[in-house]
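Structural features, examined
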Amino acid sequence: MQLLVVILFFLWLTAGAVLIWHYRRDLLSLWREPVLRRPVLVIESDDWGPGPKADAQQLHRVAKVLSRYKDSDGHPPVMTLGMVLAVPDAELMRQEGCQRYHRVLLSHPQYPAMRDVIQRGVASGVFALQLHGTEHFWPPALMAAASLDPDIRRWLTGDEARTESLPSHLQSRWMNASGLPSRPIPESQVNATVAEEVEAFIAIFGCPPRVVVPPTFAWNPVVEKAWADAGVRVIVTPGQRYEARDHAGALIANGGPILNGQAGAGGVMYVVRDDYFEPALGHMAEKGLAAMQIKSRMGRPTLLETHRFNFVDDPDVADAALNELDGLIAGALQRFPDVIFTSTEQLAHRMSIADTSLVEVNVMRRIAVWLLRSREVPRLWKLAWLTGAIVPGALLFFTARLFCGGVKGNG
């Protein structure tokens, strides 16, 4: 009987060791991911750029909502603006019969209102600039599609082109999706285009872009290296990198999961944005606050994705979105009194230097959060139950909680 117990105990230890060895890369990556001591909220809004004067008026209303609040450190909520720097020059393209692509940059004299509201928002700390792209598409791909599709030609020559209305596969910038499956863009063209759009960003805003949000989250290592060489330090991701589109236009992922603080080519840092605040689509303030609850318990920042269309297209929808934005920030301060409002760039910087006012250094608390995160690894949790490895894991978790006073950031 004693021998049987010894054998079963040995098999149990062996199963646990095999399980840990098999998932060692996932577990090590989760351990390396920074654990934040306090809840962090960043509202990330994409697609802002040249447009009608009403867009600037609405963005000013957004700034007014943000400026009403401050966190316990005295910082206002920050909405990052993923900037699209140009739109098609519809008039010139009509004159030429849509034979060549022409653009109008945000620096054009017809867009002073948008530039002004952005500059004032940045100065007051409620806006932070991020590069989305010169365009939200690859112009040669769009021109190729326009030669076959009259709807695309009408879009290119229309007076108020909204990229949101383009077919989704054509909204990807860093691939040629004029035909499916998509094709990669030659490296020389990538390098020249990245350099060009970084120069345009500097010319418009007076500072280089440090954060990039890839349109449709599609990019590849060639693009990433070009960004790094141009001075970009942070790439916003959905926790995955998409590099191409298949025959149906669906995005194709490459590589494993991406975590906060993970390094990419040229030393860029990834941050993860996989929660949503899209009132026009039904993602209201309560959904954002629920995401904060989960992210904070996991020691992660909450980056909420939102888009221009929530605030500009329909007056009733825009009013509702502004009300939800107000409720989101008020609710965050009420439920998470120690919340930090910051920009994505500042968040990445503080994680990179392991700022101890934000990044947890207590080993027991890090262990407790690490064990919580391990439940995200596919099949690991189920196998831990089947092998009995859950027992020492649970003991370690409760011991860590006992010594560190519980897992912080859970509201």
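Placed above this text is the structure.
Keep in mind the model is a prediction, meaning the values are calculated, not measured.

Points about helix α14 (residues 363-373)
For α14, the buried fraction is high: 8 of the 11 residues fall into the buried class. Taken together, the buried positions of α14 are R365, R366, I367, A368, V369, L371, L372 and R373.

Regarding the packing of helix α3 (residues 53-66) against helix α5 (residues 112-124)
It is the contact of α3 with α5, at a shortest axis distance of 8 Å, that shows an interaxial angle of 15°. Judged on the interaxial angle alone, α5 and α3 are roughly parallel. Seen along the crossing, α3 lies across α5 with a hand that is left-handed. The segment α3 lies against α5, with K53, D55, A56, L59 and H60 engaging A113, M114, V117, I118 and R120.

Observations regarding the packing of aromatic side chains
Overall, the coordinates contain 6 aromatic pairs when judged by the stated rule. Geometrically, the ring pair formed by F137 and W155 is edge-to-face, given 5.8 Å between the ring centres and 85° between the ring planes. With F137 in the loop between β5 (127-133) and α6 (139-146) and W155 in helix α7 (residues 150-156), this residue pair connects regions lying 18 residues apart in the sequence. We note that F137, like W155, is buried. Centroid distance W174 to W227: 6.1 Å. Interplanar angle 90°. Geometry classified as edge-to-face. Residue W174 is found in the loop between α7 and α8 (187-205), and its partner W227 is found in helix α9 (residues 221-229); the two are separated by 53 residues along the sequence. Members of the aromatic cluster, connected to one another through ring pairs, are Y101, F137 and W155. Above the face of the W174 ring, R173 is positioned so that its terminal group lies 5.1 Å from the ring centre. Here R366 stacks its cationic end above the ring of W31, 4.1 Å away from the centre of that ring.

Considerations on the environment of G82
Among the secondary structure elements, G82 is positioned in strand β2 (residues 79-84). In this structure G82 comes out as buried when scored by relative accessible area, which is 0%. Sequence separation between G82 and R308 is 226 residues, and the spatial gap between their C-alpha atoms is 9.5 Å. Beyond its immediate chain neighbours, meaning those up to four positions away, G82 contacts S45, D46, D47, W48, Q130 and H132.

Considering the packing of helix α2 (residues 24-32) against α14
It is the contact of α2 with α14, at a shortest axis distance of 9 Å, that shows an interaxial angle of 135°. When the axis of α2 is compared with that of α14, the two are oblique. By crossing handedness, the relation of α2 to α14 is classed as right-handed. Packed against α2, whose contacting residues are L27, L30 and W31, the element α14 presents V363, R366, I367, W370 and R373 at the interface. Class assignment of the residues belonging to the contact of α2 with α14 gives a composition of 6 nonpolar, no polar and 2 charged.

Some words on the pattern of salt bridges
All chains considered together, the criterion is met by 29 salt bridges. A salt bridge links R162 to D313, with the shortest nitrogen-to-oxygen separation between them at 3.7 Å. One end of the pair, R162, is in the loop between α7 and α8; the other, D313, is in the loop between α11 (309-312) and α12 (315-335), and 151 residues separate them in sequence. Residue classification places R162 among the buried positions, given a relative accessible area of 16%. On the accessibility criterion, D313 (47% relative accessible area) is partly exposed. Note that E286 is salt-bridged to R335, the shortest N-O span being 2.8 Å. Placement of the pair is E286 in helix α10 (residues 285-297) and R335 in helix α12, with a sequence separation of 49 residues. Looking at R335, the relative accessible area reads 34%, which means it is partly exposed.

What counts, and at which threshold
Residues numbered from 1 in each chain as written. Predicted model: local features only at pLDDT ≥ 70, side-chain atom pairs only at ≥ 80, totals over all residues. Heavy atoms only, no water. Buried < 20%, exposed > 50% of the residue type's maximum accessible area, 1.4 Å probe, protein only. Helix = DSSP H or I, 4+ residues; strand = E, 2+ residues; numbered from the N terminus. Axes fitted to C-alpha atoms, helices over the stretch in contact; angles between N-to-C directions. Parallel < 35°, antiparallel > 145°, perpendicular 65-115°, else oblique. Left-handed = near helix turned anticlockwise from the far one by under 90°. Contact = heavy atoms within 4.5 Å. Phe/Tyr/Trp six-rings, centres within 6.5 Å; stacked < 30°, edge-to-face > 60°. Lys NZ or Arg CZ within 6 Å of the ring centre and 35° of its normal. Nonpolar A, V, L, I, M, F, W, Y, C, P; charged D, E, K, R; others polar. Salt bridge = Lys/Arg side-chain N within 4 Å of Asp/Glu carboxyl O.

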